[in-house]
Amino acid sequence: MDSSSITSADAGEDHAVLDGAVQLGGLAAGLYGPGGRDKLVVTDGEAVVTGDLHQLFDTLDLAHPGARIAANAAVEQKETAGDGSTAVALLIGALGDRADDLLAKGMHRATIAKGFHRGQRAAVAAVADLGTQIADLDDPRSRAAIRASLGRATELDGSVEAVIEAARLTQRARDRGTRGIGVDHVEFHHRTGASAPAVEFRRGLFLEREPVTPNTARQFEDARIAVLGGGKKAGHGIEERELKRTGGSTGKGRTEVTLQAETPEDLEAFRQHEVEDVKAQVQALVDADVDVVFTTMGISDRAIAELDKAGITAFRSLQAPQARRVSRATGARIVMGNTNIGPEDVGSAGRVTVESADETYVRIEECAESEVGTLVITGALRYDATSIQRALMSGISTGRTILQGTRLVPGGGGTWMQIAAAVRDEAKGVGDRSAVAMDEYAEALEELPRTLVRNAGGDPIDTLTRLRASGASGVFDADEKVVRDAGDRGPFDLAPVVESAVTAASDVVIQLVRIDDTLPAADDDDEVEDDYDFRPDPERDVA
């Protein structure tokens, strides 16, 4: 079957459920390792060139049930372990291919499942014996592990250092017990240009916001920052109550005020009160020595004029999550009523800059105690920005896992060769036919280093022979195309990632092996007979 059949499955055709998983493994094989190739996906709207398995999942229509099951396992691997999704898809394909051969030779499904399960246990136990405990990102082995997890994102100058800083920040926030801080809270900002692709981590954030005060400064050093309002029906901006008479433009988060003026003098007195109220709100910010103010609510024209006069740069209508991020970045407390603001509520940033290019945005940077950060990617990218961001996230996850204390194992196919040897040794002591399935399981494990060598342009037969003889620390160097000792240069993998990949792939294939038929589900419009009669009927039962 052609690999394009992954995306098509006729409703009336009986498909072997393993076929789709095997074909998806063949697709993943071309992407595996630093020498992996790209795929061209032609859609109705555009042609997509990518070497990212997850972008292929987003683009392709995986109609084959076996392919969908394998793809779901790869995605779950990425979400839970942070890396290893391509390895899962490739291993599922290799195991599925060998299970299909065993079925064709007449081996019972239960025997195959038993052998694969025994192989899984032996492989996971072997990974535990290979690991080296480490919890320091300054260790060169940690940097080698991060570099390996970044994949093609290593083409960006400074990517390893930026990822290490991001990992330290997210782990520090977790150690403090700050809720809501995780890898997904590191933001990305891409700035195109003619320079070489590079990435830099900045403690702070970028907001696509334009200041409403036209005459105030656009750059501050050692800026003092206030955050007003926390979201819907929480606090207010710097505005006259006159705007709230009908609940503002939408009524969200504002207090309605009803005014019954009996004379023109009463109306003028109210307007004068509004003027004094706005001045008091702005004066509270001046007294707190605020340079920049962010609010989730509105700022009236009169308030803009007063802020301009006071030299305070203001940004309005932030979303509540944005306000919370500014608070976490600068240390400012979110104040619901700005007349109550004090110096202890004001945060700080080493630099605040308003820049205008295609869009106007404000940079809040050099925040010493920031709990949020931004990876700034500059220059033209050879690959899709989403794929680069996903690779950087894998690196951050790897760095944070190392900081939590984890085990590193040799990369470059070395660990896969060692655990395959351990499975074969275990099979020698098995006295039933499942030992044959265990040997096939070991062959499937070796498919990963074989694919790695093939994609790098090396000789798989000679290289795998050398890897078997190189011992527990042997790795294949894809750049130099040689087998050498891992040493401090690596590459290294995280032991939990390898263990998770082995477990996930084995569980999926064992599940698929036990399936002996694929049945179409009833359409929603089909009438389903539900008034069954279970009483004996000789004519019906004989028939």
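Cut-offs and rules
In this numbering scheme, every chain counts its residues from 1 along its sequence in written order. For a predicted model such as this one, the threshold for reporting local features is a pLDDT of at least 70, and the threshold for listing and counting side-chain atom pairs is 80 or more; totals across whole chains, interfaces and linings nevertheless cover every residue. Side-chain figures throughout are based on the complete set of non-hydrogen atoms in the structure, without hydrogens or water. Helix and strand assignments follow DSSP, with helices taken as H or I runs no shorter than four residues and strands as E runs no shorter than two, numbered in order from the N terminus. Only protein chains enter the accessibility calculation, which uses a 1.4 Å probe. A residue is then buried if its area is under 20% of the maximum for its type, exposed if over 50%, and partly exposed in between. By definition in these notes, contact holds between two residues if any of their heavy atoms fall within 4.5 Å. Accessible surface area values rest on a Shrake-Rupley calculation with a 1.4 Å probe, where residue burial reflects the displayed protein chains alone. For two strands to be treated as a pair, DSSP must find at least two bridges joining them. Within a predicted model, pLDDT stands for the predictor's per-residue confidence, ranging from 0 to 100. Whenever a carboxyl oxygen of Asp or Glu lies within 4 Å of a side-chain nitrogen of Lys or Arg, that contact is scored as a salt bridge. Here the nonpolar core consists of buried residues drawn from Ala, Val, Leu, Ile, Met, Phe, Trp, Tyr and Cys, with membership extended through side-chain atoms lying within 4.5 Å. What counts as an axis is a line fitted to C-alpha atoms, over the stretch in contact for a helix, and the angles between N-to-C directions run from 0 to 180 degrees.

So, on to the overall build of the protein. If you tally the helices and strands in the protein, you get 16 helices and 17 strands. In the protein, buried positions account for 49% of the 543 residues. Partitioning the contacts of the protein with sequence separation of at least 6, the portion at a separation of at least 24 is 74%. Accessible surface computed for the protein: about 26000 Å², of which carbon and sulfur atoms make up 46%.

What follows concerns the pairing of strand 14 (residues 406-410). Most of strand 14 sits inside the fold, with four of its five residues counted as buried. When strand 3 (residues 132-134) meets strand 14, the two strands line up antiparallel, connected through three bridges. In the sheet register, Gln133 faces strand 14, and the bridge partner there is Arg407. Taken together, the three bridges between strand 14 and strand 17 (residues 492-494) define a ladder with antiparallel strand orientation. Residue pairing for strand 17: Pro410 is matched across the bridge by Phe492.

Okay, the confidence of the model for the protein next. Of the residues in the protein, 80% reach a pLDDT of 70 or more, and the chain-wide mean stands at 82. Predicted confidence for residues 230-236 stays below pLDDT 50, and this span has 24 contacts to residues more than four positions away or in other chains.

Turning to the pattern of salt bridges, a few remarks are in order. As enumerated under the stated definition, the model contains 32 salt bridges in all. Between Asp345 and Arg333 there is a salt bridge, with its nearest N and O atoms 3.6 Å apart. Here the residue Asp345 occupies a position in the loop between strand 10 (334-335) and strand 11 (347-356), and Arg333 occupies one in the loop between helix 10 (320-330) and strand 10, the gap between them amounting to 12 residues. Asp345 sits in the buried class, given a relative accessible area of 8%.

Further remarks concern the nonpolar core. Counting 72 residues, the largest nonpolar core has Ile92, Phe116, Trp416, Ile419 and Leu445 as the members making the most contacts within it. Here Leu445 is in contact with Leu91, Ala123, Trp416, Ile419, Ala420 and Val423, once residues within four sequence places are set aside. Ranked by size, the runner-up nonpolar core spans 33 residues in total, among them Val160, Leu392, Val475 and Ala486.

Right, let's get into the sheet that holds strand 4 (residues 187-191). Across the sheet, three strands lie side by side as 4-13-5; this open sheet has mixed pairing. One side of each edge strand has no neighbouring strand; the edge strands of this open sheet are strand 4 and strand 5 (198-203). Across the sheet, the axes of successive neighbouring strands diverge by a mean angle of 25°, strand direction being ignored. Examined bridge by bridge, strand 5 and strand 13 (residues 373-378) share six bridges and lie antiparallel to one another. From the neighbouring strand, Phe201 faces strand 13, where its bridge partner is Leu375. Of the strands in this sheet, strand 4, strand 5 and strand 13 are in contact with helix 11 (residues 385-403), which crosses strand 13 at around 135°.

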